[in-house]
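Okay, here's what each chain looks like letter by letter:
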Amino acid sequence: MEYKYKLPNENRQVVEYPTNNNSLIIIGANGSGKSKLGAWMEEEDKENIHRVGAQRSLNFGEYIQLKSYEQAENLLLYGYEYVDKYKGGRWNWGGNQQTTMLLQDYEYVLSALIAKKNNQNDAFIEDCKKKEAQNQSHDNVPDTVLDTLKRIWGNVFPQRDIDFADSKVTAILKKSDGVDVPYKGNEMSDGERVGLYLIAQCLCVPENKTVIIDEPEIHLHRSIMNRLWTEIEKERKDCFFIYITHDTQFAANHKDTDKIWVKSFDGTNWILEKMDKQENGLPEQLLLDIMGNRKKVLFIEGTADSYDSKLYSEIYKDYYIVPCGGCSSVITRTKAMKNTPQLHDLECYGIIDKDYRNEHEINELKKDNIFTVNVAEVENLFLVEELLCVVNKILYPSDNGRIDKIKNAIIDERYKKQRTSQICEAVVSELKHKLSLIEIQNNDEEHAKQSLEDAYKNISYDGIKTEVEQKFANYNDYKQILAVFNCKSLSCEAEKIFGLKKDEYKKFVIGQLYGDKAQDIIEAIILYLPTEIKR
């Protein structure tokens, strides 16, 4: 089935777009004009579009007001019981409140729901009477709109039932012991009330309408959000759904839908961009997050709560920091972003640990804006002498002796004892790197075999070992040792000598980043960060 929707071009002219998906997501940052765009779309096609605003009341009375179907539908769609298809009562358009007015139509929705169910029942009974009068068999009782609502509700809220007996909404908690607990519908949680409201809105809309939902995620837990809208779309395939949101997770997880990015709005005109599906190596939610932030991007190792993230977030405040886990993901995502057309106007960088990389590998990575710290790994940034001096001044302002003790402990107790194993790890790392660069010719079997043998001849274990040993040759240069020594537990030496508890040193440094010593700490650390990434 083909659906159509209308959007303004950069000159506010109407352009119609076809799609085979029955939903569209309009996404953008807060303040980008998304809601105004939804109001514009409705105003361009008032008769075919029903819009549910973001500002909506969730209050309703204990009893559902019974009305005729015509009255209930008019109140729901237009805000008046008797109208000439004008929506002024719903949005107070004369007062320019299309996006800010609080919708207080919950009772209208419930009235329309019951009225539609009654109409369906009446139509079935009338059909049965006609067929019985003609001695014909009649159909089985069909599902009403309430049956459909209950089916959706059960799939979204499996621990709850809902009932509409005696013109009341009743929710039922299904307990594991088999004893159900009923409670009034107007006492349901926000999530339950908004779920009922949205399901009922979408089921009561007449056939073949476009339904615009502004902020479909409000009051809904992320675990049920996509399930709710998937179930509604499945029941109303005749309708086209447009979701206006800033929730990137909802946008990324809602499959098989067109997506429009609202890049900017100057108060009159919008700049929109359709997001075409592309294999660019960036997860869709990350792509949306980056587009929404519009900041320079810095891909880093670690997780959102790791020391890497906390440290770099304070040092590079003007960047959107993206923790990627390991270094390979940093490399992959930085390259992918550089090759994503939608992000060409944004700067992006990757920063990774030096580890055992040689100069050639480091220089090759720089070509893709991927840079290494000037220590073996990020943990070593917490142990550079300049930072030790800052910490020592905070903890022991009149005693500098602890700095040399920490340096000597790292050199004598750690580095000298682990130097041999470190050299071995560095040699293996370099061998793996060289093997990864081998290109095997595929002209035929002989060429493939010969190219592999030639590649092996050019890899010398002894030669690599000699080069690595030279890097680890200096036993006493503390700065040089931190540049090559990979050991994540080194900070415990600082903890012991500074008199801190286990695993407290790095926490202490991070804590100081939020205090009056923040600039001193940053200035100590940036000496070891790549100068190419401007703060």
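Definitions and cut-offs
- Residues numbered from 1 in each chain as written.
- Predicted model: local features only at pLDDT ≥ 70, side-chain atom pairs only at ≥ 80, totals over all residues.
- Heavy atoms only, no water.
- 1 Å grid on protein atoms, 1.4 Å probe; cavity = no way out; pocket = protein on both sides within 12 Å on 5 of 7 lines; lining within 4 Å.
- Points joined across faces, edges and corners; volume = space filled by probe spheres on them.
- Nonpolar A, V, L, I, M, F, W, Y, C, P; charged D, E, K, R; others polar.
- Axes fitted to C-alpha atoms, helices over the stretch in contact; angles between N-to-C directions.
- Helix = DSSP H or I, 4+ residues; strand = E, 2+ residues; numbered from the N terminus.
- Left-handed = near helix turned anticlockwise from the far one by under 90°.
- Contact = heavy atoms within 4.5 Å.
- Pairing = 2+ DSSP bridges.
- Buried < 20%, exposed > 50% of the residue type's maximum accessible area, 1.4 Å probe, protein only.
- Patch = residues over 30% accessible without salt bridge, like charges linked within 9 Å, V, L, I, M, F, W, Y side chains within 5 Å.
- Areas by Shrake-Rupley, 256 points an atom, 1.4 Å probe, with all protein chains shown as cover.
- Salt bridge = Lys/Arg side-chain N within 4 Å of Asp/Glu carboxyl O.
- Lys, Arg positive; Asp, Glu negative; His and termini not counted.
- Charge placed at Lys NZ, Arg CZ, Asp CG, Glu CD.
- Parallel < 35°, antiparallel > 145°, perpendicular 65-115°, else oblique.
- Core = buried A, V, L, I, M, F, W, Y, C linked by side-chain atoms within 4.5 Å.
- Phe/Tyr/Trp six-rings, centres within 6.5 Å; stacked < 30°, edge-to-face > 60°.
- Lys NZ or Arg CZ within 6 Å of the ring centre and 35° of its normal.

Undergrad: It is not clear to me how empty space enclosed by the protein should be interpreted in this structure. Could you clarify?
TA: The gaps of empty space that remain are located by a probe, the size of a water molecule, rolled over the atoms. Inspection of the entire model under this criterion finds 2 cavities of 30 Å³ or more. Lining the second largest cavity, in full, are Phe 60, Gly 61, Tyr 63, Ile 64, Gln 65, Glu 107, Leu 110 and Ser 111. Residue composition of the lining of the second largest cavity, by class: 4 nonpolar, 3 polar and 1 charged.

Undergrad: Please explain the packing of helix α2 (residues 69-78) against helix α4 (residues 106-133) as it appears in this structure.
TA: Helix-helix packing is characterised by the crossing angle of the two axes and by the distance between the axes. Here α2 crosses α4 at 145°, and the two axes come no closer than 8 Å. Two packed elements cross with a definite hand, and for α2 against α4 that hand is left-handed. Together, Tyr 69, Ala 72, Leu 75 and Leu 76 of α2 and Tyr 108, Val 109, Ser 111, Ala 112, Ala 115, Lys 116 and Asn 119 of α4 make up the contact between the two elements.

Undergrad: Teacher, can you tell me more about the sheet that holds strand β6 (residues 170-173) here?
TA: Sheet strands pair by backbone hydrogen bonding; their relative direction is either parallel or antiparallel. Strand order in this open sheet of 3 strands is β5-β6-β7, and the pairing throughout is antiparallel. For this open sheet the edge positions go to β5 (160-163) and β7 (181-184), each flanked by a neighbour on one side alone. Strand after strand, the sheet turns through a mean of 25° between neighbouring axes, direction not considered.

Undergrad: Explanation requested: helix α9 (residues 284-293) in the structure shown.
TA: In an α-helix, one turn spans 3.6 residues; hence positions three or four apart end up facing the same way. Within the span of α9, buried status applies to Leu 286, Leu 287, Leu 288, Asp 289, Ile 290 and Met 291. Those residues of α9 hidden inside the fold are in contact with β3 (23-27), α8 (248-253), β10 (258-265), β12 (296-300), β13 (319-323) and α11 (327-338). Two residues or fewer after α9 comes Arg 294, characterised by a positive phi angle close to 55°.

Undergrad: How should I be thinking about a negative patch on the surface in this particular structure?
TA: The grouping of Asp 444, Glu 445, Glu 446, Glu 453 and Asp 454 at the surface amounts to a negative patch. Positionally, Glu 453 belongs in helix α16 (residues 445-457).

Undergrad: Would you explain unusual backbone geometry in this entry?
TA: If a residue is not glycine, its phi is most likely negative; likewise, a peptide bond is most likely trans. Of note in this structure, Asn 135 is not a glycine but carries a positive phi near 60°. In this structure Asn 135 comes out as exposed when scored by relative accessible area, which is 74%. Here Ser 167, not a glycine, exhibits a phi torsion of approximately 60°, which is positive. Within the fold, Ser 167 resides in the loop between β5 and β6.

Undergrad: Help me out: how do you make sense of the pattern of salt bridges in this one?
TA: Side-chain pairs of opposite charge can arise whenever the charged atoms involved come near each other. Counted by the stated rule, this structure contains 34 salt bridges. Salt-bridge contacts for Asp 139 lead to Lys 131; the nearest nitrogen and oxygen are separated by 3.8 Å. For Lys 131, a relative accessible area of 18% corresponds to the buried category.

Undergrad: How should the pairing of strand β11 (residues 270-274) be read in this particular structure?
TA: Each regular strand carries side chains that alternate between the two faces of the sheet. Sheet topology note: the β10/β11 ladder contains 5 bridges and is antiparallel. Paired with Ser 264 across the strands is Ile 271, a residue of β11. Between β10 and the antiparallel strand that follows it, β11, lie 4 residues; Gly 267 among them carries a positive phi value of about 100°.

Undergrad: Explain the packing of helix α15 (residues 401-436) against helix α19 (residues 491-498) here, please?
TA: Here α15 crosses α19 at 140°, and the two axes come no closer than 9 Å. Classed by the angle they form, the pair α15 and α19 counts as oblique. Considering the relative orientation of α15 and α19, their crossing is right-handed. The residues of α19 that touch α15, namely those facing Arg 402, Lys 405, Ile 406, Ala 409, Ile 410 and Arg 414, are Cys 492, Glu 493, Ala 494, Ile 497 and Phe 498. In the contact of α15 with α19, the residues fall into 7 nonpolar, no polar and 4 charged.

Undergrad: It is not clear to me how the nonpolar core should be interpreted in this structure. Could you clarify?
TA: Proteins that are soluble and globular tend to have nonpolar side chains buried together. Core analysis: the biggest nonpolar cluster contains 75 residues, and Phe 164, Leu 196, Trp 229 and Phe 299 have the highest contact counts within it. With 9 residues, the single largest contributor to this core is helix α6 (residues 190-204). By size, the runner-up hydrophobic cluster in this structure holds 57 residues, among which are Leu 383, Phe 485, Cys 487 and Ala 524.

Undergrad: Looking at this structure, how should I read the packing of aromatic side chains?
TA: Any two aromatic rings considered together are summarised by their centre-to-centre distance and by the angle between their planes. Applying the stated criterion to the full structure yields 19 aromatic pairs. Geometrically, the ring pair formed by Phe 241 and Tyr 243 is stacked, given 6.4 Å between the ring centres and 10° between the ring planes. You can call Tyr 243 buried: its relative accessible area is 0%. Here Tyr 243 and Phe 250 contribute two aromatic rings whose centre-to-centre distance is 5.6 Å and whose plane-to-plane angle is 90°, an arrangement assigned as edge-to-face. Judged on exposure class, the residue Tyr 243 and its partner Phe 250 are both buried. The rings of Tyr 312, Tyr 316, Tyr 319, Tyr 349 and Phe 371 are connected pair by pair, giving a single aromatic cluster. One Lys or Arg, Arg 402, reaches over the ring of Tyr 396 and ends 3.6 Å from the middle of that ring.

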